[in-house]
Amino acid sequence: MDAQKDGDSQVQIVVGIAASAGGLEAMSLLAQHLPMDLNCAYVLAQHMSPHHASVLPTLISRETRLNVKQVDGDMPLEPNTIYVPVPRTDIEVRAGSVHQCEPSGAHAEPKPSADRLFRSIAEHYGECSVGVVLSGTGSDGTYGVQAIREAGGINIAQDSSSAKYETMPSSAVESGSIDLVLSPRQIGEQLRNILKRPRDFSKLQALIEQPKVYDDIFRLLQAQTKVNFRHYKETTVSRRIQRRMIAMGFEDYGDYVEFCRSNAEELNALFRDLLISVTRFFRDADQFDALRTALADYIARVDRRPIRVWVPGCASGEEAYSIAFILCDLLGVSPKDAERNVQVFATDLDVAALARARAGVYPASSANGIPEEYLGRFTTRSDNLLRVRPEVRKLVLFSQHNVFQDPPFSEIDLVSFRNTMIYFENSLQDKVMSRILYALRPEGLLFLGTSENVGELEPYFENVAERTRLFRKRGSNSFDRDALVRFGLRPRTRSDRGKGRTSTASKGEDENDNLFEALANAVAPLGFLANEQKDLVRIYGDISAFTRVTDEVRGRLTTNTLIKELAQDAASLIPLCLKYGTARDGLWRNIEGHGFNRVRLHGYPVKPAHGKNSHVLVGIEAEQIESPVAEVGVGEEAAGYITYVENELADAREALQITMEELQTSNEELQSTNEELQSTNEELQSTNEELETSNEELQSTNEELITVNEELLINTDELNKLVVEQAAMLECMPVPLLAVDPMMNIKSASHRAIELFGLSSRGAHFGHISQLHLPWAEFPDLTEICTNVLSRQVPEVVEFAQGEGVNRLRVAPYFVQNNDLMGLIVVLEIAI
């Protein structure tokens, strides 16, 4: 249907956007690159918490020059405007306007519904409708894109590499109704081309491999520094480049690129700016308190072997030294003796920052963050400087290293990588986290910044303490090797698996593993071993008859792969076994299969001696019976009662399922709210670091201004002295002397000249002199002589008689350093 038939609105095309968890970041990036003149209206269906006021319009308006409006009632559609819903409502487009609607779906369904929005756009705008599915969990929007496809519109999904949660866009892709898979930035940049007719998307799909906006700068930086900044967050890169452009006086980006091509110093300055080397001792003291507690527990369990620490992105070294202080204190040894027990590897890209770190010299004010008990033991203060003691510096090895390109360290007990990943795109964060996962020993610690998390590798880590960003690597060997292949590790083949075990485990461990395998096969010949996150770590026998593979199965292999009834039982059986530490049996389920018609689960907790990495061995029991009721021998009345109880149980189970769905929806809404808060926190943290840098620059500028002011005071004093000397000279000079400016005004005059010419004040014009009664009748025309010298700019001497003597009148021009004429000096030599 043609959009023009739906009303008098000027909007030609309506773009519906669906987003859930992780959608704020994607929407912000999309908004930054949307064209300003496409005559489109953009309607967003972002899943939100129903219990909190949304700040989504404010956050999006910061990222774009397009109008951003919150839909509070019925509003006409306007071009180049983004419409954002309010919580607890649905949103529809019809008859040239956007409408706020009461939710129509079940209570557990996400609000607003992207499917409902997309269907309304397809119905009223037909081939002029566009559907965009961004990051999120669940499958909302999948049916809506099918409606848009049927109406002849265009559908676009966010690519999995840029989506923080890929379930929602992947579900839309699997529906077969998606025309293009692009990143949010590419969607915004190429929307004009996407809407052209005829619609040929074969070339546009190739844009995934196209260079970024700042690719020319990235190439120059990579050639100069060997560092690839293409996967840094665009907001960070853009802000830093604009900062350098302002600092260097450039308004046009192309001119700045040309300047960088021929100026290596500016490239190095931009490189240092992009690295954001800002740190301090014991930054976030409460986090370091938690780290000290965790390290104390860890050191007690490592049996006196050396502790290896890696601090990537160490900047000027304060963080690495802070950890060295803690380790020396916990080990109860002096820094000199700790050299045999502690190895701290601190790495960074900034060579200048590494040089400062090796020197270990900092401003005295940096001592403010260091606990008092560490100051005297590990540092010294003199000349308004804080110096790390040499024996502590020997514990820390500083070297240049690129954490996302160079090979990682290995057998590391603690990795401290703080306040750096917030500047990386998701793909680079995952790559770096994979390297850190490889570097850490089992049970090793990971210390992150307050705004950072482990991302997609969450199953491999556990949080050490609440409200901290301190994680412990799980001791399980069932890691997904695809995560490690990202940095070049050879994929494990079937023949490798046995060799890997024997090369890394002791003979005793192999015997224990074999004993456990035999015992597990005896207890659960048909079943699986699951961890606390309900991941299937090990499968025993062929359980394919009890599993299902649907669009709900994504990512890791979990208990969700089981048949629905068994998946529900496993979801409750596993935590119960782990909580009470006893075996548990599930209910019989009437499930038809080859050779069986009912199935139940048995759970056996498996807890190691140290209490970590607990698992549950789940056995599957299946049997074939003729009539469960007949075997028991119950009467008709009892059979009816059993049927009643089973119905009640089914109703209760259905209510529980609804509650679980509501909890899942609430979790998604909380994730979305957390996304907003995290984005705001990252902006504030980035702004704070920029303010710290600006404060240093202002201090430097202030020092320069103080120096200039002192120079001006000295010059003023010298000028005052010269003025006094000039006045004294003019007062005592026996010769009549006049200083005249180019306008023939007398600027200065000696006391003798004032008496001779009868001047009442300095500043009089030459015309006054010519009208006076001079003592000599033959006195030449002074005005004419001065005018002639001003025009020719050469000195002139005029002689005239006075009785028997001859007087001389000398007129000479004087200039400043750039040969600009300042005036004339007139001197009268009187014959005696």
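This structure is a prediction, so every number in the text was calculated from the model and none was measured.

Chemist: Help me get a handle on the overall build of the protein, residues and values and all.
Modeler: The secondary structure content of the protein amounts to 27 helices and 30 strands. Within the protein, contacts between residues at least 6 apart in sequence are counted, and of these 64% link residues at least 24 apart. Accessible surface for the protein amounts to roughly 42,200 Å². Of this, 50% is attributable to carbon and sulfur atoms.

Chemist: So what's going on with the nonpolar core? Which residues, and what values?
Modeler: Core analysis: the biggest nonpolar cluster contains 60 residues, and Tyr42 and Leu77 have the highest contact counts within it. The residues touching tyrosine 42, leaving out its near neighbours within four places in the chain, are Val15, Ile17, Leu34, Pro35, Leu66, Thr81, Ile82, Tyr83 and Leu191. One finds Leu274, Phe424, Ile436 and Leu448 within the second-largest nonpolar core, a separate group that totals 46 residues.

Chemist: Give me the lowdown on the pairing of strand E24 (residues 598-606), citing residues and values where you can.
Modeler: Taken together, the two bridges between strand E23 (residues 584-585) and E24 define a ladder with antiparallel strand orientation. Note that in E24 the partner of arginine 584 across the bridge is glycine 603.

Chemist: Now, about the sheet that holds strand E13 (residues 361-363): what can you tell me, with residues and values included?
Modeler: Spatially, three strands are ordered E13-E15-E14 in an open sheet, and the strand pairing comes out antiparallel. Edge strands, defined here as strands with exactly one partner in the open sheet, are E13 and strand E14 (379-382). Strand-to-strand twist in this sheet, taken as the mean axis angle between neighbours without regard to direction, amounts to 30 degrees. Sheet topology note: the E13/strand E15 (residues 385-388) ladder contains three bridges and is antiparallel. Across the sheet, the residue bridging to tyrosine 362 is leucine 386, located in E15.

Chemist: Explain the sheet that holds strand E28 (residues 796-802) residue by residue, including any values.
Modeler: Pairing in this open sheet of five strands is antiparallel, and the strands run E27-E26-E30-E29-E28 from one edge to the other. Among the strands making up the open sheet, the edge pair consists of strand E27 (746-749) and E28. Averaged over all pairs of adjacent strands, the angle between their axes in this sheet comes to 20 degrees, without regard to strand direction. As paired strands, strand E26 (residues 737-740) and E27 are joined by three bridges and run antiparallel to one another. Across the sheet, valine 740 pairs through a bridge with isoleucine 746, a residue of E27.

Chemist: Give a description of a nonpolar patch on the surface that names residues and reports values.
Modeler: Together, Tyr641, Ile642, Tyr644 and Val645 line one region of the surface with nonpolar side chains, adding up to about 410 Å² of accessible area. Locating valine 645 in the fold gives a position in helix H24 (residues 636-732).

Chemist: Break down helix H8 (residues 215-225) for me, citing the residues and quoting the values.
Modeler: Of all the residues in H8, the buried ones are Asp215, Ile217, Phe218, Leu220, Leu221 and Thr225. Directly beyond the C-terminal end of H8, a positive phi value near 65 degrees is found at lysine 226.

Chemist: Hey, could you go over the packing of helix H3 (residues 114-125) against helix H4 (residues 142-150) for me, with residue numbers and the actual values?
Modeler: Each pair of packed helices gets described by two things: the angle between the helix axes and the distance between those axes. As a packed pair, H3 and H4 sit with axes 7 Å apart at the nearest point and diverge in direction by 10 degrees. With respect to each other, H3 and H4 are oriented roughly parallel. Side by side, H3 and H4 meet where Asp115, Phe118, Arg119 and Ala122 of the first sit next to Thr142, Tyr143, Gly144, Val145, Ala147 and Ile148 of the second. In terms of residue class, the contact of H3 with H4 is made up of six nonpolar, two polar and two charged.

Chemist: Tell me what's going on with the packing of aromatic side chains, and back it up with residues and numbers.
Modeler: Applying the stated criterion across every chain yields a total of 18 aromatic pairs. An angle of 25 degrees between the planes, with centres 4.9 Å apart, marks the rings of phenylalanine 345 and phenylalanine 409 as stacked. Here phenylalanine 409 lies in the loop between strand E16 (396-400) and strand E17 (412-417) and phenylalanine 345 lies in strand E12 (residues 342-348), a separation of 64 residues in the sequence. Across the pair, exposure class does not vary: phenylalanine 345 and phenylalanine 409 are buried alike. Taken together through their ring pairs, the aromatic side chains of Phe281, Phe282, Phe288, Tyr321, Phe325, Tyr362, Tyr374, Phe378, Phe398 and Phe447 make up a single cluster. Over the ring of phenylalanine 447 we find arginine 418, and its NZ or CZ is 4.5 Å from the ring centre.

Chemist: Can you break down unusual backbone geometry residue by residue, with the values?
Modeler: The bulk of non-glycine residues show a negative phi, and the bulk of peptide bonds are trans. For alanine 315, which is not a glycine, the phi torsion comes out positive at approximately 55 degrees. Tracing the sequence through the fold places alanine 315 in the loop between strand E11 (307-312) and helix H13 (318-331). For alanine 315, a relative accessible area of 4% translates into the label buried. At asparagine 419, a position not held by glycine, the phi torsion is positive, near 60 degrees. Along the polypeptide, asparagine 419 turns up in the loop between E17 and helix H18 (426-439). A relative accessible area of 9% places asparagine 419 in the buried class.

Chemist: With reference to specific residues and values, describe the confidence of the model for the protein.
Modeler: Of all residues in the protein, 82% have pLDDT values of 70 or greater, and the mean over the chain is 79. Every residue in residues 1-9 scores below 50 in pLDDT, and together they form 17 contacts with partners more than four places removed in sequence or on other chains. Taken together, the stretch residues 628-632 has pLDDT below 50 and engages in four contacts with residues farther than four places along the chain or on a different chain.

Chemist: So what about the pattern of salt bridges? Which residues, and what values?
Modeler: Going through the model one piece at a time under the given rule, you end up with 22 salt bridges. A salt bridge links glutamate 258 to arginine 261; its shortest N-O distance comes to 3.1 Å. Taken together, the positions of glutamate 258 and arginine 261, both in helix H10 (residues 253-261) and three residues apart, correspond to about one turn of that helix. The class for glutamate 258 is partly exposed, based on a relative accessible area of 47%. Taking the shortest distance from any N to any O, the salt bridge between aspartate 329 and arginine 377 comes out at 2.9 Å. Placement of the pair is aspartate 329 in helix H13 and arginine 377 in helix H16 (residues 372-378), with a sequence separation of 48 residues. The structure contains a network of salt bridges with shared partners spanning Asp90, Glu92, Arg94 and Arg116.

Procedures and definitions
Residues numbered from 1 in each chain as written. Predicted model: local features only at pLDDT ≥ 70, side-chain atom pairs only at ≥ 80, totals over all residues. Heavy atoms only, no water. Helix = DSSP H or I, 4+ residues; strand = E, 2+ residues; numbered from the N terminus. Contact = heavy atoms within 4.5 Å. Areas by Shrake-Rupley, 256 points an atom, 1.4 Å probe, with all protein chains shown as cover. Core = buried A, V, L, I, M, F, W, Y, C linked by side-chain atoms within 4.5 Å. Buried < 20%, exposed > 50% of the residue type's maximum accessible area, 1.4 Å probe, protein only. Pairing = 2+ DSSP bridges. Axes fitted to C-alpha atoms, helices over the stretch in contact; angles between N-to-C directions. Patch = residues over 30% accessible without salt bridge, like charges linked within 9 Å, V, L, I, M, F, W, Y side chains within 5 Å. Salt bridge = Lys/Arg side-chain N within 4 Å of Asp/Glu carboxyl O. Parallel < 35°, antiparallel > 145°, perpendicular 65-115°, else oblique. Nonpolar A, V, L, I, M, F, W, Y, C, P; charged D, E, K, R; others polar. Phe/Tyr/Trp six-rings, centres within 6.5 Å; stacked < 30°, edge-to-face > 60°. Lys NZ or Arg CZ within 6 Å of the ring centre and 35° of its normal. pLDDT = per-residue confidence, 0-100.

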